[in-house]
Amino acid sequence: MIKRTLYFGNPAYLKAKDEQMVVEYPSGDTESKSIPIEDIGVVILDSPQITITHVLLNKLLANNAAVITTNERHMPSGLIYPLESNTLQSERFTAQLEASVPLKKQLWQQTVQAKIQNQAALLKSLGIDVEPMLYWARSVRSGDPDNYEGRAAAYYWKNLFSGYFNDIFTRGRYEDEPNNLLNYGYAILRAVVARSLVASGLLPTLGIHHHNRYNAFCLADDIMEPYRPFVDRVVLEIVKSGIDCSELTKEIKAKLLVIPAIDVVIDSKSSPLMIATQRTTSSLYDCFEGTSRKILYPTFP
């Protein structure tokens, strides 16, 4: 079952009662409501006037929900996820820790190939020549020593938003819009992937490629790479609609919050993205365990 993504952008009091999240509004203008905790996958807290009880927080984590907090600019700044959510966690940690360097390089090769192929599929839907992208995807070697990921990214970002902005689009965390939309969408995606990794008994910190000592989500950042073009497509649709993207309004956030529920194809079957990430992380563990050599990644339907 697809889990719900809940966004709170106004003052609210959140508590637990009878295995439900109870939402109360201090203004009194809106009736309180309740949501089954077992139905919740992601919670975004986007107001400094939100109070959440410790009991509710523990129940959310016990049900493997990811909780995202935001900063004064209303951009995601923190992620809370459960430490334990798999009965074989110690065994799975060991398999992950003992993964060989050649295996991790092969897994990164598959990841880069899947990312470039999905980027190419999105560009092709826009009528853009993707032969260079497909060539780079075929040419990726173990560990991607030739940095085909970077070459593909340069071509991809040059073309994706072509014609919608006066200047050539530059992808960067602090660059002009629609980078703010991409950052927000990727933060949601990162939370979904981290949640799935924990559910599969893996450590989101230990990556197969990313290894920043200050990054607690290196593996999540690795595994989310082929999923990024699905976020890009949502952002592109927002841009094409003509909405002012200079500010992250509630209207825009509402459109981005559908990301966990968008349809992808994985293993030749249609699936919501949140379910697909679980298939991906489960297949990753199979690779660490030695029962498989291939990660299942999504493609565009």
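Everything numeric here is computed off the predicted structure, so don't read it as measured data. (Residues numbered from 1 in each chain as written. Predicted model: local features only at pLDDT ≥ 70, side-chain atom pairs only at ≥ 80, totals over all residues. Heavy atoms only, no water.)

### Thoughts on the nonpolar core
Selection criterion: Definition of nonpolar core: a set of buried residues of the types Ala, Val, Leu, Ile, Met, Phe, Trp, Tyr and Cys, connected through side-chain atoms within 4.5 Å. Per-residue accessibility, obtained with a 1.4 Å probe over protein chains only, is compared with the maximum for each type, and a residue is labelled buried under 20%, exposed over 50%, and partly exposed between these values. Secondary structure elements follow DSSP: runs of H or I of four or more residues count as helices, runs of E of two or more count as strands, with numbering from the N terminus. Residue contacts are defined here by distance: any two heavy atoms, one from each residue, within 4.5 Å place the two residues in contact.
Membership of the largest hydrophobic core comes to 77 residues, with the highest contact counts inside it found for M133, W157, F161, L256, L273, L284 and F288. Examining the composition of this core, we find that 12 residues originate from one element, helix α6 (residues 179–199), more than from any other. Once residues within four sequence positions are removed from consideration, M133 is found in contact with I116, Q119, A120, L123, A152, Y155 and Y156. Listed in part, the 17 residues of the second largest apolar core include L6, F8, V43 and L45.

### Looking at the packing of aromatic side chains
Spelled out, the test is: The rule is short: rings of Phe, Tyr and Trp, with Trp giving its six-membered ring, pair when the centres are within 6.5 Å, and they are stacked under 30 degrees, edge-to-face over 60, tilted in between. We count a charge as sitting over a ring when the NZ of a lysine or the CZ of an arginine lies within 6 Å of the ring centre and within 35 degrees of the ring normal.
Going through the model one piece at a time under the given rule, you end up with 7 aromatic pairs. Ring geometry for Y156 versus W157: centroids 4.9 Å apart, planes at 70°, classification edge-to-face. Across the pair, W157 and Y156 agree in class, each one buried. The interplanar angle of 45° and the centroid separation of 5.5 Å between the aromatic rings of W157 and F169 together place this pair among those described as tilted. In this pair, W157 is assigned in helix α5 (residues 148–160) and F169 in the loop between α5 and α6, connecting sequence segments 12 residues apart. Linked through ring pairs, Y156, W157, F161 and F169 together constitute an aromatic cluster. Its guanidinium or amino end placed over the ring of Y285, R92 lies 3.9 Å from that ring's centre, counting from NZ or CZ.

### Focus: the environment of Y7
To be explicit about the condition: Whenever two N or O atoms come within 3.5 Å, that pair is a polar contact, provided that in protein one can donate a hydrogen and the other can accept it, and provided that, for residues adjacent in sequence, both atoms are side-chain atoms.
Summarising the element assignment, Y7 is placed in strand β1 (residues 4–8). Judged by relative accessible area, which is 22%, Y7 ranks as partly exposed. Sequence separation between Y7 and V42 is 35 residues; the distance between their C-alpha atoms is 8.5 Å. Once residues within four sequence positions are removed from consideration, Y7 is found in contact with I44, D46, Y184, K253 and L257. In this structure the side chain of Y7 is engaged in a polar contact, spanning 2.6 Å, whose partner is the side chain of D46. Reaching out from Y7, the side chain makes a polar contact with the side chain of K253 at a distance of 3.4 Å.

### Examining the packing of α6 against helix α8 (residues 228–240)
For the record, the criterion: Axis lines are fitted through C-alpha atoms, for helices just across the contact stretch, and the angle between N-to-C directions can take any value from 0 to 180 degrees. An angle below 35 degrees is read as roughly parallel, one above 145 as roughly antiparallel, one from 65 to 115 as roughly perpendicular, and any other as oblique. By definition, any crossing whose near helix is turned counterclockwise from its far helix by less than a right angle is left-handed, and any crossing with a clockwise turn is right-handed. Lys, Arg, Asp and Glu make up the charged group, whereas Ala, Val, Leu, Ile, Met, Phe, Trp, Tyr, Cys and Pro make up the nonpolar group; the residues left over, Gly among them, are polar.
For the pair α6 and α8, interaxial distance at closest approach is 10 Å and the crossing angle is 140°. For the element pair α6 / α8, the angle class is oblique. Judged by the sense of rotation from one axis to the other, the crossing of α6 with α8 is right-handed. Residue-level inspection shows L181, L182, G185, Y186 and L189 of α6 in contact with α8, the latter providing R228, V231, D232, V235 and I238. Among the residues making up the contact of α6 with α8, the classes are represented as 7 nonpolar, 1 polar and 2 charged.

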